[in-house]
Amino acid sequence: MGSYANGSNCIHDDPPPVEELKESALPLKQMPLHANGWLNDMRISSPTSIRVNTGEPAAFDPIYRAWTKKYPSALNAFDKIVAYGKNKKIALFLDYDGTLSPIVDEPDNAIMSDQMREVVRKAALHLPTAIISGRSCDKVFNFVKLTELYYAGSHGMDIMGPVGKSGSVTNSSNKQDEAKIFQAASEFLPVIDEVYRLLVEKIRGINGAQVENNKFCVSVHYRNVDEKDWPLVAQHTNDVLKAYPRLRLSHGRKVLEVRPVIDWNKGKAVEFLLESLGLANSHNVLPIYIGDDRTDEDAFKVLRDDKRGFGILVSSVPKESHALYSLVDPSEGNGLPDEISEMEGGGSITSNNKVVGNRC
């Protein structure tokens, strides 16, 4: 089914079955969000990528090789995933940036390949499939252009269902009629818009910095900012947030995320979708989440703690995670959703599994 990023075939190094996982197997340190710790957090959240040469196993970084023994390749372990998923209904959750598309310097250029789009489309024909992203729903949809999926934007705070599909929340053939089935932070829309405008003004003078309005959160990108100016990005963001105690800061890959102070994240979105689809209380369900970012850890942890599903971390950089398996980069995962959709027990959503929620 493929090979480890380190070129080994250590199938016996696979992690224990999902049901044997301990609740606190991989505790993750919570990073401080106060001003003094921001610069350090920004560096931790934005590690330098390791160049992976899939044609020369001997050239792989030894630290990364050791890391893949703890987080084995999902491709090499696929037979075990199939065995565990036998006679179970698969639910597939996917991050967008860094998972379905490569990480790029310009956020607007994060285009998924036609091959990946077709892979995701085929998966959605056979099993419940959702994209959960820090981007707004509209932005992710414009990238993906598939009406068969569930979309959870703004880190899961804005969820909408598929169009024209039996058992979906709507049978409309027009994307504009797609139902907003849940919005966890509607009351924050005015303040998010206000903070977005303030940050645009504050950040304007920093070369390479970009501010993106993702509806229920604001993203401050510093991927193209000289590292000597990172403290300035952090300070300007902090200056704006001082006046907004109901907003908090989190870190992604070279991005600062301004979000409402509510108990909601990608893990909560996974729980909401499973519950709404009637899959939450069944032991015959295998949820799988594929993601690359620190914000995806909330979803990995939910599945790990529940001992029913698991996460697959897309990363060419060794790092601690609540995920169970790994992939090197988006290209390595090109065929994985397709293979998952063919697993025995997978199937499309039935008419009894309609999503219900707070319609907006």
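Residues numbered from 1 in each chain as written. Predicted model: local features only at pLDDT ≥ 70, side-chain atom pairs only at ≥ 80, totals over all residues. Heavy atoms only, no water.

Novice: Any chance you could explain helix α9 (residues 297–306) here in plain terms?
Specialist: Each turn of an α-helix holds 3.6 residues, which means side chains three or four residues apart point in the same direction. For α9, the set of buried residues is Glu 297, Ala 299, Phe 300, Leu 303 and Arg 304. For α9, the arc enclosing every buried residue in end-on projection is 160°, short of the 170-degree limit, so these residues lie on one face. Where α9 ends, the next residue or the one after it, Lys 307, has phi of about 60°, a positive value. (Buried < 20%, exposed > 50% of the residue type's maximum accessible area, 1.4 Å probe, protein only. Helix = DSSP H or I, 4+ residues; strand = E, 2+ residues; numbered from the N terminus. Arc of directions from axis to C-beta.)

Novice: Even after reading the chapter, I still don't get the confidence of the model for the protein chain, so can you show me in this structure?
Specialist: Detailed conclusions should not be drawn from predicted coordinates in areas where pLDDT is low. Summing up the model confidence of the protein chain, the mean pLDDT is 79 and the portion of residues at 70 or higher is 73%. Confidence drops under a pLDDT of 50 for residues 48–59, and excluding neighbours within four residues, the segment shows 16 contacts in the predicted structure. (pLDDT = per-residue confidence, 0-100. Contact = heavy atoms within 4.5 Å.)

Novice: Even after reading the chapter, I still don't get the sheet that holds strand β7 (residues 218–221), so can you show me in this structure?
Specialist: Adjacent strands of a sheet form backbone hydrogen bonds with each other and so pair up, either parallel or antiparallel. If you walk across this open sheet you meet the four strands as β6-β7-β9-β8, and the pairing is antiparallel. With partners counted over all chains shown, the strands left at the sheet margins are β6 (210–213) and β8 (247–252), one partner each. Taken pair by pair, the neighbouring strands of this sheet meet at an average axis angle of 20°, ignoring direction. Pairing geometry for β7 and strand β9 (residues 255–260), over four bridges, is antiparallel. In the sheet register, Val 220 faces β9, and the bridge partner there is Leu 256. Seen against the sheet, helix α7 (residues 230–241) touches β7, β8 and β9 and runs at an angle of roughly 10° to β9. (Pairing = 2+ DSSP bridges. Axes fitted to C-alpha atoms, helices over the stretch in contact; angles between N-to-C directions.)

Novice: When you look at the packing of helix α8 (residues 266–276) against α9 in this model, what are you seeing that I'm missing?
Specialist: When two helices pack together, their arrangement is given by the angle between their axes and by how far apart the axes lie. Here α8 crosses α9 at 50°, and the two axes come no closer than 6 Å. The angle between α8 and α9 places the two elements in the oblique class. Residues Lys 266, Gly 267, Val 270 and Glu 271 of α8 form the contact with α9, whose own contacting residues are Asp 298, Ala 299, Val 302 and Leu 303. Grouping the constituent residues of the contact of α8 with α9 by class yields four nonpolar, one polar and three charged. (Parallel < 35°, antiparallel > 145°, perpendicular 65-115°, else oblique. Nonpolar A, V, L, I, M, F, W, Y, C, P; charged D, E, K, R; others polar.)

Novice: Any chance you could explain the pattern of salt bridges here in plain terms?
Specialist: A side chain of one charge can pair with a side chain of the opposite charge if their charged atoms are brought near each other. Enumeration over the complete set of coordinates arrives at 18 salt bridges. For Glu 320, the salt bridge identified is with Lys 70, shortest N-O distance 3.0 Å. Of this pair, Glu 320 sits in the loop between β11 (310–314) and β12 (325–327) while Lys 70 sits in helix α2 (residues 62–70); the two residues are 250 residues apart in sequence, bridging distant segments of the chain. Residue classification places Glu 320 among the partly exposed positions, given a relative accessible area of 44%. By relative accessible area, which is 41% here, Lys 70 ends up partly exposed. One network of salt bridges, in which partners are shared, links Asp 97, Arg 135, Lys 139 and Glu 212. (Salt bridge = Lys/Arg side-chain N within 4 Å of Asp/Glu carboxyl O.)

Novice: I'm lost on the pairing of β8 in this one. Help?
Specialist: Buried residues dominate β8, accounting for five of its six residues. Here β8 pairs with β9 via six bridges, running antiparallel. Paired with Arg 248 across the bridge in β9 is Arg 259. Counting the residues in the hairpin turn of β8 and β9 gives two residues, including Lys 254, whose phi is positive at 55°.

Novice: Just checking my understanding: could you explain the packing of aromatic side chains for this structure?
Specialist: Aromatic ring pairs are described here by two measures, namely the spacing of the ring centres and the angle between the planes. Considering all chains together, one arrives at ten aromatic pairs under this definition. With centroids separated by 5.3 Å and ring planes inclined at 80°, the aromatic side chains of Phe 310 and Tyr 325 adopt a geometry described as edge-to-face. Linking Phe 310 in strand β11 with Tyr 325 in strand β12, this pair joins segments that are 15 residues apart in sequence. When its relative accessible area of 4% is taken as the criterion, Phe 310 is described as buried. Among the aromatic residues, those joined into a ring-pair cluster are Tyr 64, Trp 67 and Tyr 71. (Phe/Tyr/Trp six-rings, centres within 6.5 Å; stacked < 30°, edge-to-face > 60°.)

Novice: In this structure, what is going on with the side chain of Asp 95? I would like to understand it.
Specialist: Inspection of the secondary structure puts Asp 95 in the loop between β1 (89–94) and α4 (114–126). Residue classification places Asp 95 among the buried residues on the basis of a relative accessible area of 4%. Every residue in contact with Asp 95, bar those within four places of it in the chain, is listed here: Leu 100, Ile 131, Ile 132, Ser 133, Lys 266, Tyr 289, Ile 290, Gly 291, Asp 292, Asp 293 and Asp 296.

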